[in-house]
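Results of the structural survey
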Amino acid sequence: GSEPDVVREEGWTCVGPPACRRIGDEMRWCECFPCVHHRDEEGKKGKTGWCGEKDVGNTQVDPLEGADDEFIQCVLQQHKEKFGKFAKNAAKHKVQVLWTEVRDWEVDGTQLRSSRYRADQEYIYPASTVKLCAAVAALSQLRRLRMRTKVRVTPWTPIRIHPSQATGSTGVYEDSTNVPTGKVTVAHLIRKVFLASDNPAHNALCAVAGYQYLHETMWNHGLSSLMLYHPISAKWGEGEQHLAPAVEFWPNEGSPFSIPPRIWEPPAKRHARKIELGRSYIEEGGKRVSRPMDFSHKNRFSLADMHKLVLTICRPGLFGMMPCGLGEEDLRFLQGVMQLYTTESSNPSYDLDRDWNKLFAPGVEKALGTEGVRICNKLGQAYGFTIDSAFIECSHSSRSFLLTVGVYTNKNNVFNDEIYEYEDAEKFLAAIAEELIMSASRTSGSRALRDTWKSSCNRP
């Protein structure tokens, strides 16, 4: 309800949280999200949303612009016996694949080549992939708080989250998995989200960010498909829909402070459209309902937007700006966590397989080996849907890859019976990662092929 801050910088006024950044003679981006309204000295309003360059427009590169649909389809057909039912009946299994290869040429700078197969042709439940959005928004919110309060609030600052139905009736005041302090911190919550896809940790990150800030951060970043209709493995209480409870911050320097509860009413245009899947489902309590399950108020996040977000985080230089209001330290931390295998962490520690959190890993290792290979990803799996989105980088090559895949395995078309063919889905994701990388390796080395690549403004 208070008036927004005004920051004056070389002939421009930034109406909103500080602060704008300048590159050369041009205002390029805002470090505050949701993005602000720019006005010149005469009060004329500039661009809103992702502000972009002064009078030029958004500098964002769309990695899928001009993507072909032949490369992936060709690989699927060449190896259809290996891919089995996913190649033979892609529509039934809602197979969706997006691929971007990034090449760093010595002469021509960085270039992209993309392909897409059945991308976003039907609804895919995003499952835990939306946790990446929550992690990004929570880090962005901390950066915003630092600028507004002038208090050093970091991802390692202890926090306390007040009670709500989504975050627990007793609140989130301590975390026994954070050894030895037992404190709740945004950094530890994010590690839990990526290492073991922890659901309560995701809901807590949403509480820190706030649902309005989370959504508008993504929307203003061009990721318009995101819509969280519910917490994960929890329910909102009566009157608590899109309520983010109060959060206390206990910085090492300065006095503790809190942000109040925040409730958000999504815009009318975001109201759910009808989506029904399957033929029956099991209710809580075990009762079987013989009609399709209603996904109209289930979370949404398109594979194309997930693909873009992962690339933005892992190669921010391609976009000429810091993504979603994050700083360089935020990005380094996020990239570091995203590349960890579950067994590489001692805090928190998990008794899980090494590549439990990286479904592409078996295929990537067959194609590239393990030395010098980094996989930054976020997966999701629920209701028979299996999704992974990963930036795959090879230190001994000029090439890196971005791969996003979603499939559906629910042979009996019954939801909540926990009979899903996830093993088949996981084998397919590993196999297609292997074959796409191998095929790209055979075809992308020639200089003559550079004409088919799309320049990314030659940024590092």
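Calculation criteria
Residues numbered from 1 in each chain as written. Predicted model: local features only at pLDDT ≥ 70, side-chain atom pairs only at ≥ 80, totals over all residues. Heavy atoms only, no water. Salt bridge = Lys/Arg side-chain N within 4 Å of Asp/Glu carboxyl O. Helix = DSSP H or I, 4+ residues; strand = E, 2+ residues; numbered from the N terminus. Buried < 20%, exposed > 50% of the residue type's maximum accessible area, 1.4 Å probe, protein only. Core = buried A, V, L, I, M, F, W, Y, C linked by side-chain atoms within 4.5 Å. Contact = heavy atoms within 4.5 Å. Pairing = 2+ DSSP bridges. Axes fitted to C-alpha atoms, helices over the stretch in contact; angles between N-to-C directions. Phe/Tyr/Trp six-rings, centres within 6.5 Å; stacked < 30°, edge-to-face > 60°. Parallel < 35°, antiparallel > 145°, perpendicular 65-115°, else oblique. Left-handed = near helix turned anticlockwise from the far one by under 90°. Nonpolar A, V, L, I, M, F, W, Y, C, P; charged D, E, K, R; others polar. Arc of directions from axis to C-beta. pLDDT = per-residue confidence, 0-100.

Under the counting rule described, the total for this entry stands at 15 salt bridges. Its salt-bridge partner being Asp-294, residue Lys-274 comes within 3.4 Å of it at the nearest N-O pair. In this pair, Lys-274 sits in the loop between strand 12 (262-263) and strand 13 (276-277) while Asp-294 sits in strand 16 (residues 293-294), placing the two residues 20 residues apart along the sequence. Judged by relative accessible area, Lys-274 falls into the exposed class, the value being 58%. Residue classification places Asp-294 among the partly exposed positions, given a relative accessible area of 36%. Arg-332 is the salt-bridge partner of Glu-328, the closest N and O atoms lying 3.9 Å from each other. Here Glu-328 pairs with Arg-332, and both are found in helix 9 (residues 328-338), just four residues apart, close to one helical turn. Using a relative accessible area of 53% as the deciding quantity, one classes Glu-328 as exposed. Looking at Arg-332, the relative accessible area reads 51%, which means it is exposed. Taken together, the shared-partner salt bridges in this structure form one network comprising Lys-82, Glu-434 and Glu-435.

Formed by 69 residues in total, the largest nonpolar core has its most connected members in Ile-190 and Leu-334. If near-sequence neighbours (up to four positions away) are discounted, Ile-190 is found in contact with Ala-135, Leu-139, Leu-205, Phe-333, Leu-334 and Val-337. Listed in part, the 38 residues of the second largest apolar core include Val-373, Ala-390, Val-407 and Ala-440.

Moving on to the sheet that holds strand 11 (residues 257-259). The strand order across the open sheet formed by three strands is 8-10-11, and the pairing between neighbours is antiparallel. Edge positions in the sheet fall to strand 8 (159-161) and strand 11, since each has one partner strand and no second. Neighbour-to-neighbour, the strand axes of this sheet turn through a mean angle of 20 degrees, independent of strand direction. Summarising the sheet, strand 8 and strand 10 (residues 247-249) pair through three bridges and their orientation is antiparallel. The residue of strand 10 that forms the bridge with Arg-160 is Glu-248. Running over the sheet, helix 6 (residues 199-209) touches strand 8, strand 10 and strand 11 and is turned about 100 degrees from strand 8.

Secondary-structure assignment places Glu-426 in helix 11 (residues 422-443). Each C-alpha atom of the pair Glu-426 and Val-407 lies 9.4 Å from the other, and the pair is 19 residues apart in sequence. In this structure, Glu-426 is in contact with Leu-359 and Gln-381, ignoring residues within four places of it in sequence.

Glancing now at the packing of aromatic side chains. Two aromatic rings, taken as a pair, are described by how far apart their centres are and by the angle between their planes. If you walk through the whole model with that rule in mind, you get 17 aromatic pairs. Consider the rings of Phe-385 and Tyr-408, whose centres lie 4.7 Å apart with planes at 35 degrees: the pair is tilted. Of this pair, Phe-385 sits in strand 18 (residues 385-394) while Tyr-408 is found in strand 19 (residues 399-408), placing the two residues 23 residues apart along the sequence. Under the relative-accessibility criterion, Phe-385 is labelled buried at 0%. An aromatic cluster is present here, built from Tyr-123, Tyr-125, Phe-295, Tyr-383, Phe-385, Tyr-408 and Phe-415 joined pairwise through their rings.

This part takes up the packing of helix 5 (residues 186-196) against helix 6. Contact geometry for helix 5 and helix 6: axes closest at 9 Å, N-to-C directions at 140 degrees. Regarding the angle of helix 5 to helix 6, the classification is oblique. Read as a crossing pair, helix 5 and helix 6 show a hand that is left-handed. For the pair helix 5 and helix 6, the contacting residues are Val-186, Leu-189, Ile-190, Lys-192 and Val-193 in the first and Ala-201, His-202, Ala-204, Leu-205 and Val-208 in the second. Residues that form the contact of helix 5 with helix 6 fall into these classes: eight nonpolar, one polar and one charged.

Time to look at helix 10 (residues 361-368). Taken together, the buried positions of helix 10 are Ala-361, Gly-363, Val-364, Ala-367 and Leu-368. End-on, the buried residues of helix 10 take up no more than an arc of 160 degrees, which puts them together on one face. Contacts from the buried residues of helix 10 go to strand 17 (373-382), strand 18, strand 19 and helix 11. Of the residues trailing helix 10, Gly-369 is marked for its positive phi of about 80 degrees.

With that settled, consider the packing of helix 1 (residues 71-78) against helix 11. Where helix 1 meets helix 11, the axes come as close as 10 Å, and the angle between the chain directions of the two elements is 115 degrees. Between helix 1 and helix 11, the crossing angle belongs to the class labelled roughly perpendicular. The two elements helix 1 and helix 11 cross, and the hand of that crossing is right-handed. Residues Phe-71, Ile-72, Val-75 and Leu-76 of helix 1 form the contact with helix 11, whose own contacting residues are Phe-428, Ile-432, Glu-435, Leu-436, Ser-439 and Ala-440. Across the contact of helix 1 with helix 11, the residue classes break down as eight nonpolar, one polar and one charged.

Attention now goes to the confidence of the model for the chain. Of the residues in the chain, 81% reach a pLDDT of 70 or more, and the chain-wide mean stands at 83. Low pLDDT, under 50, characterises residues 1-59; the stretch is placed with 127 contacts to residues that sit more than four places away or in other chains. Ignoring residues within four places in sequence, the model shows residues 446-460, a span with pLDDT below 50, making 44 contacts including any to other chains.

Among the secondary structure elements, Ala-431 is positioned in helix 11. Given the relative accessible area of 10%, Ala-431 is considered buried. Distance from Ala-431 to Phe-360, taken between C-alpha atoms, is 7.9 Å for residues 71 residues apart in sequence. When neighbours within four sequence positions are excluded, Ala-431 is seen to be in contact with Lys-82 and Phe-83.

This part is about the sheet that holds strand 15 (residues 288-289). Read from one edge of the open sheet, three strands run 15-14-20, paired in mixed fashion. Looking at which strands have only one partner, the edges of the open sheet turn out to be strand 15 and strand 20 (414-415). Across two bridges, strand 14 (residues 280-282) lies against strand 15 in antiparallel orientation. When the sheet's bridge partners are listed, Tyr-281 is paired in strand 15 with Val-289.

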